[in-house]
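# What the coordinates show
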Amino acid sequence: MVAPNDADERSTDESTTDRRTLLKTAGTTIVGGTGLAAAAGSASAQFGGPDVIEVDDGLFGWSADDSLPVTDELLIFIHGWFGDTTVSSQASDVQDSLESGGYSPDETVAIEWPATNLNFSGAESDTEDVGEVVAGLIEDFYDAGGGNVRLVGHSLGGRCVYWTATKLSSGYEIETVAGLGTAADGSEICGDPWNSGLDNACEVRNYHSENDSTVGSAYGGWGDTALGTEGAGCSPASNYTDVDVTGSVGSHLTYLGDSAVGSDLADAINSGSCGDDSGGDDDDDSWWS
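Because the structure is predicted, anything quoted here is derived from the model rather than measured. (Residues numbered from 1 in each chain as written. Predicted model: local features only at pLDDT ≥ 70, side-chain atom pairs only at ≥ 80, totals over all residues. Heavy atoms only, no water.)

### With respect to the nonpolar core
Core analysis: the biggest nonpolar cluster contains 46 residues, and Leu 68, Ile 111 and Ile 138 have the highest contact counts within it. For this core, the element with the highest residue contribution is helix H4 (residues 120–143), accounting for 10 residues. When neighbours within four sequence positions are excluded, Leu 68 is seen to be in contact with Ile 53, Leu 74, Ile 76, Val 109, Leu 137, Ile 138 and Phe 141. Within the second largest apolar cluster, 21 residues are counted, among which are Phe 77, Tyr 103, Val 245 and Leu 256. (Core = buried A, V, L, I, M, F, W, Y, C linked by side-chain atoms within 4.5 Å. Buried < 20%, exposed > 50% of the residue type's maximum accessible area, 1.4 Å probe, protein only. Helix = DSSP H or I, 4+ residues; strand = E, 2+ residues; numbered from the N terminus. Contact = heavy atoms within 4.5 Å.)

### Thoughts on the confidence of the model for the chain
On average, residues of the chain carry a pLDDT of 84, and 78% of them reach 70 or more. The low-confidence segment residues 1–45 (pLDDT under 50) makes 72 contacts with residues lying over four places distant or belonging to another chain. For residues 275–289, every residue scores under 50 in pLDDT, and the model assigns this stretch 35 contacts once sequence neighbours within four places are set aside. (pLDDT = per-residue confidence, 0-100.)

### Things to note about the pattern of salt bridges
Applying the stated criterion across every chain, the model contains six salt bridges. Linking Glu 128 and Lys 167 is a salt bridge whose minimum nitrogen-to-oxygen distance equals 2.8 Å. Of the two residues, Glu 128 is situated in helix H4 and Lys 167 in helix H5 (residues 156–167); the sequence distance between them amounts to 39 residues. Take Glu 128: its relative accessible area is 29%, and that puts it in the partly exposed class. (Salt bridge = Lys/Arg side-chain N within 4 Å of Asp/Glu carboxyl O.)

### A word on the packing of aromatic side chains
For the structure on display, the rule yields six aromatic pairs. Centre to centre, the rings of Tyr 162 and Trp 194 are 5.5 Å apart; their planes meet at 40°, and the pair counts as tilted. Remark: Trp 194 occurs in the loop between helix H6 (186–190) and strand E7 (201–208) and Tyr 162 occurs in helix H5; sequence separation between them is 32 residues. The exposure class assigned to Trp 194 is buried, which follows from its relative accessible area of 1%. One aromatic cluster in this structure is built from Trp 81, Phe 82 and Phe 120. (Phe/Tyr/Trp six-rings, centres within 6.5 Å; stacked < 30°, edge-to-face > 60°.)

### Re the sheet that holds strand E1 (residues 51–58)
What the eight strands build is an open sheet, ordered E2-E1-E4-E3-E5-E6-E7-E8; its pairing is mixed. With one partner strand each, in any of the chains shown, strand E2 (61–64) and strand E8 (240–244) form the two edges of the open sheet. Taking the axes of each pair of neighbouring strands and ignoring which way they run, one obtains an average angle of 20° across the sheet. As defined by bridge partners, E1 adjoins strand E4 (residues 107–112) across four bridges and the pair is classed as parallel. Counted as the bridge partner of Ile 53 is Ile 111 from E4. H4 contacts E1, E2, strand E3 (73–78), E4, strand E5 (148–154) and strand E6 (174–180) of the sheet and is inclined by roughly 40° relative to E2. Helix H9 (residues 259–271) rests against E5, E6, E7 and E8 of the sheet, and its axis sits at about 165° to E7. (Pairing = 2+ DSSP bridges. Axes fitted to C-alpha atoms, helices over the stretch in contact; angles between N-to-C directions.)

### Concerning the environment of Asp 84
Looking at where Asp 84 falls in the secondary structure, it is placed in the loop between E3 and helix H3 (87–101). Exposure remark for Asp 84: the relative accessible area of 12% places this residue in the buried category. Beyond its immediate sequence surroundings of up to four residues, Asp 84 is in contact with His 79, Glu 112, Trp 113, Pro 114, Ala 115 and Thr 116.

### Thoughts on unusual backbone geometry
At the junction of Asp 192 and Pro 193, the peptide bond is cis and its omega measures out at 10° in the coordinates. Its location among the elements puts Pro 193 in the loop between H6 and E7. A positive phi angle, near 60°, is found at Phe 82, a position not held by glycine. Within the secondary structure layout, Phe 82 lies in the loop between E3 and H3. The buried category is assigned to Phe 82, whose relative accessible area is 17%. For Ser 155, which is not glycine, the phi torsion reads 60° and is therefore positive. Its place among the elements puts Ser 155 in the loop between E5 and H5. The buried category is assigned to Ser 155, whose relative accessible area is 1%.

Written out as structure tokens, the structure reads:
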């Protein structure tokens, strides 16, 4: 491929930036049309539904209003843009799909953060702070004798879980990190800012679908990929696997409760395959039909 000259490259970068600016500021259009917020789903198998911990920016900075329950198997779910009002049902849908796939957590926690914000760029920026707070919660969980953490995030919540892994202190490791339709560029997990964070995760699985036009229209572009639509376009680490669920996931919201996602993630958890060097190949983990 012939490299573009400087003028061509600037033109491409500017058009991509303009497109993203338009998409990310047209909050009501995106939410109303393609939908980044999930509708209420089925009830959780956990009595009374998942515990909800609120992470917010208060007088003294970002913090959580509770600690994680100390248990052997803990599922933590983080929602995306405009998902704070339905986070409990979203977490229930994810838990249900995992249980159908053969994995049952002892407890499920839904992380609620202030994502109902028409300023998409602002919400995107907040995911780093949310990730840092959740990382602290997980460190406290391990310090208190907790067992395994299975961390799952949807859309901007996918950014949160990758930030969580990155912010984790040395000596700590999350057993499973999974992004569902993550709102990000592939280059972000291939290098800066998240690649180093993969060292703090035993296994990372990134679920993407070519039918996810919401992420595909806002991320990617010349020389890059949309993480939630095409995958990373690289193999960032041996513990990272891109999982193509195009054949099962028909839109941005249908990752939540999807049987193929739940089955694959449950299998990965139950196999105890952390540190397996076979990750990173879409073709080996494709649900395309």
